[in-house]
Amino acid sequence: MSDLNKLGLAEARDALRKGETTSVELTEACLKAIDAADALNAFVHKTPEIALERAKAADERIKAGDAPAMCGLPIGIKDLFCTKGVPSQAASRILEGFKPEYESTVSQQLADAGAVMLGKLNMDEFAMGSSNETSVYGNAVSPWRRGNDDTQLTPGGSSGGSAAAVAADLCLAATGTDTGGSIRQPAAFTGITGIKPTYGRCSRWGIVAFASSLDQAGPMTKNVRDAAIMLEAMCGHDPKDSTSADIPVPNFEAMLTGDIKGKKIGIPKEYRMDGMPAEIEKLWADGAEMLRDAGAEIVDISLPHTKYALPAYYVIAPAEASSNLARYDGVRYGRRAQLAQGDGITEMYEKTRAEGFGHEVQRRVMVGTYVLSAGFYDAYYNRARKVRTLIKKDFEDVFAAGVDAILTPATPSAAFGLGEMTEADPVQMYLNDVFTVTVNLAGLPGISVPAGLDKQGLPLGLQLIGRPWEEGDLLNTAYALENAAGFVAKPGKWW
Ligand code: GLN
């Protein structure tokens, strides 16, 4: 077989089981593609020795007829996941040199399911960003371009390296994490599929914390079937994470029938934003039509507190981040600043944190500390928490009225050029998350499915939001949408 790196998880799994290829061949094809794609800056720590060793072990298991779900399938891991003995820096200078003594639960589960780790993927520093431009490793670059224009585009963020690597076929799939949209937005920008499961589905243990009440891991894949396969391997109860849910994980792949007859799909009027590009409006209407043609009932719904979601998120997420990031003090992890004669512990903290954290992270720590301070706690943090409850209730009301899933655009635009937003006011960048943060605030599952191209030839995604714990049903609706949309475009290879 040729071009093995271009396969998806399901195709490669089936080929492996039929003996048409081996995991070593698949892994070598990916390693070669990775080495030829340094221009994308997607992989920031390559682990070819680990990959080949796991691939050989997988081939043995396949031969012995003992192949678990992801056996022999090469994937990339976002740098936010702690991987034993392998640099895990959350794309931050402050974690330079940090090689964890332990493995995150999710990456361990993937390894137990037989997956082969190719290396660590670029991201925004501590997962704060929407363009992968806050990384200490430098930007990840999208494999997509606007027609013949050679402007470098963002793959989205914060899981930008994961998105670029999957879209460019450097790996079969990758892990991402999503606090306010960081799986779904980069998936939409690069024409791939990304699902954030219900809060509590995947263990957060060993994933560098950003905002603990919002963070969830999830798969970024070439199609919906692959998302079902990989999500199942990532999910499950973990006693090491007290917010992980002790709820059985169904066989998600078996739920992909494509039959959505009689399902009620809500179209929330508050997601129709002023100044939304006509192409996004049209994509959204087309998506609703496709679901209707597949037998679903389309209903107009209202989620009245939507407009407060972004401000509430940008209070809650920095508040939690400022507290989570207090542990980086130059003592326990990674890098410590060079100290001068006579410097004490305060100088060590100050110097280490001033040079270890980038600007966006410093901004979030300051905002977070401010909204949690005694004088402003009620005005900002407590108010944001109340708004969060109302946002969650909006969704609960709609689901109680019989809606099975909600269809929205995934992003307010197609991918933008690197540098185009960084000069702007940071709020411009934050606006990217307008359709995704509500889902994190409410703890719901959400998936982005590639559904069309804009007039410059860039991918656009649609988001489906599901009921809590019903990822199987959500994946099936996404599968029906994927079948109807028939998105097959790939970036032209320039790197
Ligand atoms: N872009 C959002 C932020 O910067 C979301 C990031 C994420 O989901 N990790 O906070």
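Predicted model only: the values in this text are computed from it and were never measured.

1. Description of the site of the ligand
With respect to spatial proximity, 15 residues lie near the ligand, and among them Thr179, Gly180, Ser182, Tyr313 and Arg364 are the closest. The side chain of Tyr313 places a nitrogen or oxygen atom 2.7 Å from an oxygen atom of the ligand. Between the ligand and Arg364 there is a distance of 2.7 Å, counted from an oxygen atom to a side-chain nitrogen or oxygen. In isolation the ligand exposes 300 Å². Once the protein is present, 100% of that is buried. Across the shell around the ligand, the residue classes break down as five nonpolar, seven polar and three charged.

2. Brief notes about the sheet that holds strand β4 (residues 173–178)
Ordered in space as β1-β3-β2-β4-β6-β5-β10-β11-β9-β7-β8, the 11 strands form an open sheet in which the pairing is mixed. In the strand order of this sheet, the two ends are held by β1 (43–46) and β8 (297–301), each with one partner. This sheet shows a mean twist of 30° between the axes of neighbouring strands, independent of strand direction.

3. Some details on the UniProt feature "domain: Amidase" (unreviewed entry) in the chain
Feature annotation in UniProt places "domain: Amidase" (unreviewed entry) on residues 25–475, given in this structure's numbering. Helix and strand shares over residues 25–475 are 35% and 14% respectively, and the end C-alpha atoms of the span are 30 Å apart.

4. Quick look at the packing of aromatic side chains
All told, the structure shown has 16 aromatic pairs when counted by the stated rule. A ring pair is formed by Tyr313 and Tyr314, whose centres lie 4.7 Å apart and whose planes are at 80°; its orientation type is edge-to-face. A relative accessible area of 13% places Tyr314 in the buried class. Between Tyr370 and Tyr380, the ring centres sit 5.8 Å apart and the planes meet at 50°, which makes this aromatic pair tilted. Taken as a pair, Tyr370 in helix α11 (residues 359–372) and Tyr380 in helix α12 (residues 377–400) lie far apart in primary sequence, 10 residues in all. On the basis of relative accessibility, which here comes to 40%, the residue Tyr370 falls in the partly exposed class. Note on Tyr380: relative accessible area 35%, which makes it partly exposed. Members of the aromatic cluster, joined through ring pairs, are Phe98, Phe126, Tyr328, Tyr333 and Phe357. Its end group placed over the ring of Trp494, Arg145 keeps NZ or CZ at 3.7 Å from the ring centre.

5. Let's talk about the packing of α11 against α12
As a packed pair, α11 and α12 sit with axes 7 Å apart at the nearest point and diverge in direction by 105°. As the angle between them shows, α11 and α12 are arranged roughly perpendicular. Contacts between α11 and α12 involve Tyr370, Val371 and Leu372 from the former and Tyr377, Tyr380 and Tyr381 from the latter. Looking at the contact of α11 with α12, its residues break down into six nonpolar, no polar and no charged.

Calculation rules
Residues numbered from 1 in each chain as written. Predicted model: local features only at pLDDT ≥ 70, side-chain atom pairs only at ≥ 80, totals over all residues. Heavy atoms only, no water. Near = heavy atom within 4 Å. Polar contact = N/O pair within 3.5 Å; in protein donor to acceptor, adjacent residues only side chain to side chain. Areas by Shrake-Rupley, 256 points an atom, 1.4 Å probe, with all protein chains shown as cover. Nonpolar A, V, L, I, M, F, W, Y, C, P; charged D, E, K, R; others polar. Pairing = 2+ DSSP bridges. Helix = DSSP H or I, 4+ residues; strand = E, 2+ residues; numbered from the N terminus. Axes fitted to C-alpha atoms, helices over the stretch in contact; angles between N-to-C directions. UniProt positions renumbered as here; feature names shortened; annotations may be inferred. Phe/Tyr/Trp six-rings, centres within 6.5 Å; stacked < 30°, edge-to-face > 60°. Buried < 20%, exposed > 50% of the residue type's maximum accessible area, 1.4 Å probe, protein only. Lys NZ or Arg CZ within 6 Å of the ring centre and 35° of its normal. Parallel < 35°, antiparallel > 145°, perpendicular 65-115°, else oblique. Contact = heavy atoms within 4.5 Å.

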